[in-house]
Amino acid sequence: MKVLILGGCGMLGPWVVKALKHRHEIILTDINPPDDGFDGEFRQVSADDLDGVVATAEGCDAIINLSVLREDRRLAFDVSTRGNYNMMEAARVHGIQRVINTGPHFQLVGETYENWDFDLKPDMPPQFGTRLYAHSKGLGQEICRVFSEQFGIYVITMLYYNMRHTWNWGLGRGIPEAVHHEDMTPFTTAWTDCGTAIQAALEVPLERLPSRCETFFTFPETPHHKFNSEKTRRILGWEPRYTLETLWNKEPMTPPDHLHGAW
Ligand SMILES: NC(=O)c1ccc[n+]([C@@H]2O[C@H](COP(=O)([O-])OP(=O)(O)OC[C@H]3O[C@@H](n4cnc5c(N)ncnc54)[C@H](O)[C@@H]3O)[C@@H](O)[C@H]2O)c1
C-alpha cells in the first residue's frame, strides 16, 4: 500500500517506519525533518494545514496519524483535533478507505474509568476526563467517527498507555536523549511492539472489522486485566513480543529491536 504518515518524526514514527518500510511505500511527513538515517520520502506538512494534507494524500491507500502536540493547549487542538478533521477530509476527497488514528488511552477511558474500574474495554462509551490534552485527542477521535459514519471510511484507532523499553525517550520533557532504566507502568508497550501494532492495523482485511470505526488497546496483557486488549489480538492478530514480565525485568531488546528508534 502507499501510506501517508502524519507526524512521523516523533518517538513512535521510526518504529512504525521500521515495521512498514519493507512491505509498503511510505510518504513520511511532519513539521520537523526526520533524524539522520531516514532514507525514504519525506515532505514537510503540518497536520493543521488542510490544503497541504489533502494534496499530500493524493494517490495514497491509507493515512496514519501519529501527530500530537501536548505542551501548548491551543496548538494541541490545531494538531490533534483539527489535524484529524484534515486527515478525514483528505480521505474523503481522495476516496481513501483506511485511516489509522493514534492516541493515549485516556482519550477514550479517562479518569472516571481509569481511577475506579477494571476490565476496561475499547468499545466503552468515551469519557476522556477533564484534561485538555485528552479533550484535544478525544474530540479528534469523535471527528473520525462522524466522518466514518457519514462517508463509509474505515477508521482504526490505536490507543497506547505509554511507550518504553529499558529506556524512555526524554523528548517533550526538555531531555533530548533517551533516559535509561526508568521504571514503567504495568501498561507499558515496548517501542517495537508499538510499531507492529500499527502494521497490524494497516494490514488487517477490512472485512474482519466488526464496523467501519473500531478502537483497539495496544498494551501487553496484565494479570489483573485493568485494560482488556483481547480484541486487539482477536481481530488484528497483534501479539506484543515483550510481555509485562520481560519489560518489568528490563530484558534487553534483541536485534534488530535494540536500535533506539533507528528508521
Ligand atoms: N509516547 C508515548 O508514550 C505515547 C503514549 C500514549 C499515546 N501516544 C500517542 O502516540 C502517537 C505518537 O506519539 P509520539 O510519542 O510519537 O509523540 P511525539 O511528540 O514524540 O511526536 C509527535 C510528532 O508530531 C509532530 N507534530 C507536532 N505538530 C505537528 C503538526 N502541526 N503537524 C504535523 N506534525 C506535527 C511532532 O513534530 C512530532 O514529530 C500520538 O497519537 C500520541 O498521543 C504516545
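Let me begin by describing the structure that accompanies this report.

Basis of the calculations
- Positions within a chain are numbered from 1, following the residues in the order the chain's sequence is written.
- For this predicted model, a pLDDT threshold of at least 70 governs which residues receive local features, and a threshold of 80 or more governs which side-chain atom pairs are given and counted, while totals over whole chains, interfaces and linings are taken from all residues.
- Just so you know, side-chain values use all the structure's heavy atoms and leave hydrogens and water out.
- The helix count covers DSSP runs of H or I at least four residues long, the strand count covers runs of E at least two residues long, and both are numbered beginning at the N terminus.
- Note that the radius of gyration is over C-alpha atoms, with the globule rule given as 2.2 Å times the number of residues to the power 0.38.
- Exposure categories follow from relative accessible area, calculated using a 1.4 Å probe and restricted to protein chains: below 20% of the type maximum is buried, above 50% is exposed, and the middle band is partly exposed.
- Note on contacts: a residue pair is in contact if any heavy atoms of the two residues lie within 4.5 Å.
- As defined here, a cavity is a set of points on a 1 Å grid over the protein atoms alone where a 1.4 Å probe fits but cannot get out. A pocket is an open set with protein on both sides within 12 Å along at least five of seven lines, and residues line them when an atom is within 4 Å of a point.
- Grid points are joined across faces, edges and corners, and a volume is the space filled by probe spheres set on the points.
- Note on pairing: two strands pair once DSSP finds at least 2 bridges between them.
- A clockwise path from the first strand over the helix to the second, with the strands pointing away from the viewer, defines a right-handed crossover.
- In this analysis, axes come from line fits to C-alpha atoms, helices being fitted only over the stretch in contact, and the angle between any two N-to-C directions falls in the range 0 to 180 degrees.
- Reported orientations rely on four angle classes, namely roughly parallel under 35 degrees, roughly antiparallel over 145, roughly perpendicular from 65 to 115, and oblique for the rest.
- Crossings are assigned a handedness: left-handed for a near helix turned anticlockwise from the far helix by less than a right angle, right-handed for a clockwise turn.
- Residues are grouped as follows: Ala, Val, Leu, Ile, Met, Phe, Trp, Tyr, Cys and Pro are nonpolar; Asp, Glu, Lys and Arg are charged; all remaining types, including Gly, are polar.
- Any residue with at least one heavy atom within 4 Å of a molecule or strand is counted as near it.
- Polar contact is defined as a pair of N or O atoms within 3.5 Å, subject to the rule that within protein one atom must be able to donate a hydrogen and the other to accept it, and that residues adjacent in sequence are counted only when both atoms are side-chain atoms.
- Shrake-Rupley sampling with a 1.4 Å probe provides the accessible areas, and residues are treated as covered by the protein chains on show and by no other component.

With respect to the overall build of the chain
Logical step 1: Across its full length, the chain holds eight helices and eleven strands.
Logical step 2: Taking 263 residues into account, the globule formula puts the C-alpha radius of gyration at 18 Å, and the chain, at 17 Å, falls close to it.
Logical step 3: Referenced to the eigenvectors of the C-alpha coordinate spread, the extents of the chain come out at roughly 45 × 40 × 35 Å.
Logical step 4: Each of the 263 residues in the chain was classed as buried or not, and the buried ones make up 55%.
Logical step 5: Pairs at least 24 apart in sequence give 68% of the contacts found in the chain among residues at least 6 apart.

A look at the layout of surface pockets
Logical step 1: Approximately 260 Å³ is the volume attributed to the second largest pocket.
Logical step 2: Forming the boundary of the second largest pocket are 16 residues, of which Leu-108, Pro-126, Gln-141, Arg-145 and Thr-215 lie nearest the centre.
Logical step 3: Those elements that provide at least two residues to the lining of the second largest pocket are helix H5 (132–151) and strand E11 (213–217).
Logical step 4: Per element, the largest residue contribution to the lining of the second largest pocket is four residues, and it comes from H5.

Considerations on the pairing of strand E2 (residues 25–30)
Logical step 1: Counted residue by residue, E2 has five buried out of six residues, so it is predominantly covered.
Logical step 2: As judged from the four bridges shared by strand E1 (residues 2–6) and E2, these two strands associate in the parallel manner. Across the sheet, the residue bridging to Lys-2 is Glu-25, located in E2.
Logical step 3: Taken together, E1, helix H1 (residues 13–20) and E2 form a β-α-β motif whose crossover is right-handed.
Logical step 4: The pairing of E2 with strand E3 (residues 41–44) spans four bridges and is parallel. Across the sheet, residue Asp-30 finds its bridge partner in E3, namely Gln-44.

A short note on the packing of helix H2 (residues 50–57) against helix H3 (residues 73–94)
Logical step 1: Remark: H2 packs on H3, axes separated minimally by 9 Å, with the N-to-C direction vectors making an angle of 40 degrees. For the element pair H2 / H3, the angle class is oblique. Note on packing geometry: the crossing formed by H2 with H3 is right-handed. Of the residues in H3, those in contact with Leu-50, Val-53, Val-54 and Ala-57 of H2 are Arg-82, Asn-86, Met-87, Glu-89, Ala-90, Val-93 and His-94.
Logical step 2: Here the residues of the contact of H2 with H3 sort into seven nonpolar, two polar and two charged.

Considerations on unusual backbone geometry
Logical step 1: Look at Asp-119: it is not a glycine, yet its phi comes out positive at around 55 degrees.
Logical step 2: With respect to the helices, strands and loops of the structure, Asp-119 is situated in the loop between helix H4 (111–114) and H5.
Logical step 3: You can call Asp-119 partly exposed: its relative accessible area is 34%.
Logical step 4: Look at His-225: it is not a glycine, yet its phi comes out positive at around 55 degrees.

Re the site of the ligand
Logical step 1: In the vicinity of the ligand lie 26 residues, with Met-11, Leu-12, Asp-30, Ala-47 and Thr-102 positioned nearest.
Logical step 2: Within the backbone of Leu-12, one N or O atom sits 2.8 Å away from an oxygen atom of the ligand.
Logical step 3: Protein burial of the ligand: of its 830 Å² of free accessible surface, 90% is covered by the chains.
Logical step 4: With three residues, strand E5 (residues 98–104) is the single largest residue contributor to the shell around the ligand.
Logical step 5: Broken down by class, the residue content of the shell around the ligand amounts to 15 nonpolar, eight polar and three charged.

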